[in-house]
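# Structural features, examined
Residue strings, one per chain:
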Amino acid sequence: MSGAGLVSSSMKIWRSSARACLARDLNPQEIAWDAAGRASLIFGAPIQGFADKASTHTVPGRFLAMAALVACHRDPDRWSLLYTLLWRVTHGERHALEIASDPLVYRLTRMHRAVRRASHKMKAFVRFKSVTDSDGADEEFVAWFEPAHRVVELTAPFFVDRFRSMRWSILTPDGCARWDRESLSLSPGIERHAANVGEDNLENLWRTYYAGIFNPARLNREAMLAEMPQQYWRNLPEARLIRELAREAPRRVTTMIEQTLRAPEPLRTRGGSSS
Amino acid sequence: MDVAQKLGILSDAAKYDASCASSGARGRKASNTGIGSTEGTGICHSYTPDGRCVSLLKILLTNYCIYDCGYCINRRSSGVQRARFSAEEVVQLTLDFYRRNYIEGLFLSSGIIRDADYTMEQLVRVAKTLRTTHEFSGYIHLKTIPNAATELITEAGRWADRLSINVELPRQKDLDRLAPEKELVQITRAMGVVRDGIAEAREDRARSGSRSPSPQPLAFTPAGQATQMIVGATDATDAAILQTSASLYGVQKLKRVYYSAFSPIPDASSILPPSAPPLLREHRLYQADWLMRFYGFAVDELTTPTTPDLDLDIDPKLSWALRNRGRFPMDVNSVPKEDLLRIPGVGVRSVKRIIAARRWHRLRLEDLTRLHVAMSRAMPFLSTADYSPTRIGPDSAGLMESVTRNHQLDLWSRPSVSAVTGEL
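### Some words on the overall build of chain B
- Per the secondary structure count, chain B includes 15 helices and 10 strands.
- A total of 424 residues make up chain B; the buried ones form 52% of that total.
- Counted over contacts in chain B with a minimum sequence separation of 6, partners at least 24 positions apart contribute 69%.

Now the structure itself:
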């Protein structure tokens with residue numbers, strides 16, 4: 001899919017629609033929101049063009065910071081939930097966000113956290129592959145990634161700050177980010193088969209490291225899954241080792257314990273030779 | 001031997017170090033011609049099937065070692081296969097992995113070759129090359145070699161975000177038995193060098209002021225120092241381990257103490273327990289550690305002279321609460337923060353949320369669920385606008401049995417990643 005547009009542009013649309021609704025004093029039950037964050041009256045006309053009649057309401061910075069992230073969530077109810085909270089905040093409950101146990105605040109906080117996590121996991125799990133032209137010059141790095149929420153635009157600046165001297169692209173179904181060492185450009189999402197990113201020679205070395213650092217005596221598959229859910233595995237070059245490492249672990253531990261039981265007790269003296 | 005073979009040997013050799021954290025660094029971004037950045041929290045780029053985070057390229061420069069520490073896979077008398085990276089190979093691997101976004105940076109340690117100073121010089125050279133030749137701004141964690149010269153430790157601190165020296169065992173008599181070449185006084189001396197370096201750099205920064213036209217003085221180990229203790233290789237009690245931790249946090253100003261359940265190694269020495277690692281005990285020590293650092297508990301509240309080991313069945317906060325029933329139930333709508341932190345099942349973040357929310361609204365039981373309170377543990381110890389517990393007070397028979405049963409269900413229904421979770 002493409003054409004849904006990048007997230008923060010829809011956040012901008014929602015903000016201006018929400019302002020227009022507040023200016024007309026429209027209560028949340030009177031409004032329907034479309035996927036892009038545009039408002040219309042239930043069974044009625046779109047609401048727009050109220051830029052001149054700016055709302056006099058001020059909103060806590062905390063609300064806007066939360067809304068910017070909730071806007072990236074895939075839940076289609078996000079716009080109406082945000083507007084409902086905005087309505088309460090501007091109608092006598094300015095402190096509503098401080099009551100984390102309020103059911104609406106609780107739900108939005110969970111969405112906020114899910115988006116933050118999706119952005120964090122994108123920073124963690126994007127895997128660049130080196131692509132060079134036929135002379136091996138002009139190295140470029142390309143990654144295909146499938147984020148849990150629409151966090152590409154939100155997270156792209158992180159990659160700029162980190163990989164400033166590299167040319168890179170991150171391709172996703174929601175949108176693509178590209179850095180040419182000077183500027184960041186964003187474009188619509190593409191499908192997996194169109195991304196067509198191959199293997200990178202370093203991946204074997206990376207798998208060697210991954211297998212080496214695993215301690216079979218501490219096998220804990222649930223803890224791994226909690227932090228690295230299976231939805232991410234197909235784009236992680238190391239994930240193909242997981243099943244085998246887990247399966248072999250008990251046998252490796254038994255072998256080590258048996259070896260220890262057979263080992264002779266060495267003679268030990270402090271600071272001296274013991275072999 | 002090619003780089004892949006060396007990597008296999010020298011990552012396997014490094015995996016018994018629990019720390020892989022890339023946290024605590026101050027924000028830093030890549031220069032126009034370099035790569036690398038750090039954020040306060042660090043990033044785990046992968047997880048192995050042991051549930052542990054893979055954040056840094058954690059390797060040894062070499063696993064040749066002149067020491068003979070009984071618990072260590074790389075000890076002189078072990079039959080393990082040996083390898084040695086050149087400094088350039090480590091630099092190249094770090095950059096190659098980093099560019100592909102596999103890692104946050106490098107955690108480099110080493111067996112002791114020739115002597116302490118020579119080994120330390122090799123580690124420093126890798127870090128310096130990354131920072132200066134390659135303009136690498138990612139995370140670097142270096143192991144400090146205990147007997148190395150002060151100038152070398154100080155130089156390491158200029159290039160590294162974090163330095164660590166493992167105390168390994170909490171008492172000298174444990175070291176005498178298992179690590180005859182190691183001395184606690186040497187280890188704490190090296191920690192002192194790092195601590196003083198950090199303090200000095202902070203003073204320099206304060207003196208130069210934020211508006212000073214000259215460049216800021218170089219940061220010195222901005223993410224502080226850490227250490228590790230092995231648990232279960234000797235008869236040291238949890239009280240002894242936690243006393244050592246408290247002194248490391250207090251006197252040496254350490255950022256983190258890691259606990260590593262002694263785990264069987266290939267070709268192990270027979271003076272060690274040949275058994276599965278005591279993972280639950282390790283988990284309890286992490287919980288106690290968090291209680292000391294973030295909940296205001298002292299060591300002598302967590303263990304007692306008659307019970308010097310932490311309870312394995314229940315978490316240390318619940319254990320304390322059962323020993324101090326007279327202080328409960330606590331009213332979540334009125335008790336101060338210090339008291340909220342003492343309620344079992346109420347974590348630091350929940351306390352913060354409770355304090356913000358109760359200014360506007362008298363909390364009821366259903367609120368607490370949404371504030372992430374672990375209800376099965378907490379309910380016997382608190383009261384709300386619509387609830388007070390029936391079984392509490394010094395004579396509450398059956399309380400221990402009922403919370404223990406609930407708690408065990410909790411414990412096994414959720415995976416525990418001991419080193420990172422701190423909500424109790």
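### Quick word on the sheet that holds strand E7 (residues 184-188) of chain A
All names here are of chain A.
- Ordered in space as E3-E4-E5-E6-E7, the 5 strands form an open sheet in which the pairing is mixed. Taken across any chain shown, the strands that pair with only one partner, and hence form the sheet edges, are strand E3 (129-131) and E7. Pairs of neighbouring strands in the sheet enclose a mean axial angle of 20°, with direction left out of account.
- Sheet topology note: the strand E6 (residues 175-179)/E7 ladder contains 5 bridges and is antiparallel. Bridged to alanine 177 within E7 is leucine 186.
- Sitting on the sheet, helix H5 (residues 152-162) touches strand E5 (168-171), E6 and E7, and the angle it makes with E6 is about 20°.

### Describing helix H3 (residues 78-89) of chain A
- Over its 12 residues, H3 of chain A runs 16 Å from end to end, which matches the ideal 16 Å to within 8%, given 1.5 Å per residue.
- For H3 of chain A, the full list of buried residues reads Arg78, Trp79, Leu82, Tyr83, Leu85, Leu86 and Trp87 of chain A.

### With respect to the interface of chain A and chain B
- The partner chain B presents 63 residues to the 61 residues of chain A that form the contact.
- Ranked by residues supplied to the side of chain A that touches chain B, first place goes to helix H9 (residues 242-262) of chain A with 10 residues.
- Looking at side-chain class alone, the side of chain A that touches chain B contains 34 nonpolar, 12 polar and 15 charged residues.

### A word on the packing of helix H2 (residues 87-99) of chain B against helix H3 (residues 116-132) of chain B
Residues and elements named next belong to chain B.
- At a minimum axis distance of 9 Å, the contact between H2 and H3 shows a crossing angle of 40°. With respect to H3, the element H2 is oriented oblique. Regarding H2 and H3, the two cross each other, and that crossing is right-handed. Contacts between H2 and H3 involve Ala87, Val90, Val91 and Thr94 from the former and Gln122, Arg125, Val126, Thr129 and Leu130 from the latter.
- Considering only residue class, the contact of H2 with H3 consists of 5 nonpolar, 3 polar and 1 charged.

### Comments concerning helix H2 (residues 61-70) of chain A
Residues and elements named next belong to chain A.
- What H2 keeps buried is the set Met66, Ala67, Leu69 and Val70. Mapping the buried residues of H2 onto a view down its axis gives an arc of 165°, with all of them on the same face. Residues Gly61, Leu64 and Ala65 are exposed on H2 and point more than 90 degrees away from its buried face.
- Structurally, H2 contributes buried residues whose contacts are with H3 and helix H4 (103-125).

### Quick word on the nonpolar core
- Membership of the largest hydrophobic core comes to 179 residues, with the highest contact counts inside it found for Ile170 of chain A together with Ala127 and Ala156 of chain B.
- Counting residues per element, this core draws most heavily on H4 of chain A, at 8 residues.
- Ignoring sequence-local partners within four residues, the contact set of alanine 127 of chain B consists of Ile140, Leu142, Ala156, Trp159 and Ala160 of chain B.

### Quick word on the packing of helix H7 (residues 202-213) of chain A against helix H1 (residues 3-12) of chain B
- The contact between H7 of chain A and H1 of chain B brings their axes to 7 Å, and the two run at 25°. Between H7 of chain A and H1 of chain B, the angle is such that the two are roughly parallel. The crossing of H7 of chain A and H1 of chain B is right-handed. Facing Leu205, Thr208, Tyr209, Gly212 and Ile213 of chain A of H7 of chain A, the residues of H1 of chain B in contact are Ala4, Leu7, Gly8, Ser11 and Asp12 of chain B.
- For the contact of H7 of chain A with H1 of chain B, the residue count by class is 5 nonpolar, 4 polar and 1 charged.

Procedures and definitions
- Residues numbered from 1 in each chain as written.
- Chains lettered and ligands numbered in written order.
- Predicted model: local features only at pLDDT ≥ 70, side-chain atom pairs only at ≥ 80, totals over all residues.
- Helix = DSSP H or I, 4+ residues; strand = E, 2+ residues; numbered from the N terminus.
- Buried ≥ 20, exposed ≤ 12 C-beta atoms within 10 Å, placed from the backbone.
- Contact = placed C-beta atoms within 7 Å.
- Pairing = 2+ DSSP bridges.
- Axes fitted to C-alpha atoms, helices over the stretch in contact; angles between N-to-C directions.
- Expected span 1.5 Å × (residues − 1).
- Nonpolar A, V, L, I, M, F, W, Y, C, P; charged D, E, K, R; others polar.
- Parallel < 35°, antiparallel > 145°, perpendicular 65-115°, else oblique.
- Left-handed = near helix turned anticlockwise from the far one by under 90°.
- Arc of directions from axis to C-beta.
- Core = buried A, V, L, I, M, F, W, Y, C linked by C-beta atoms within 7 Å.

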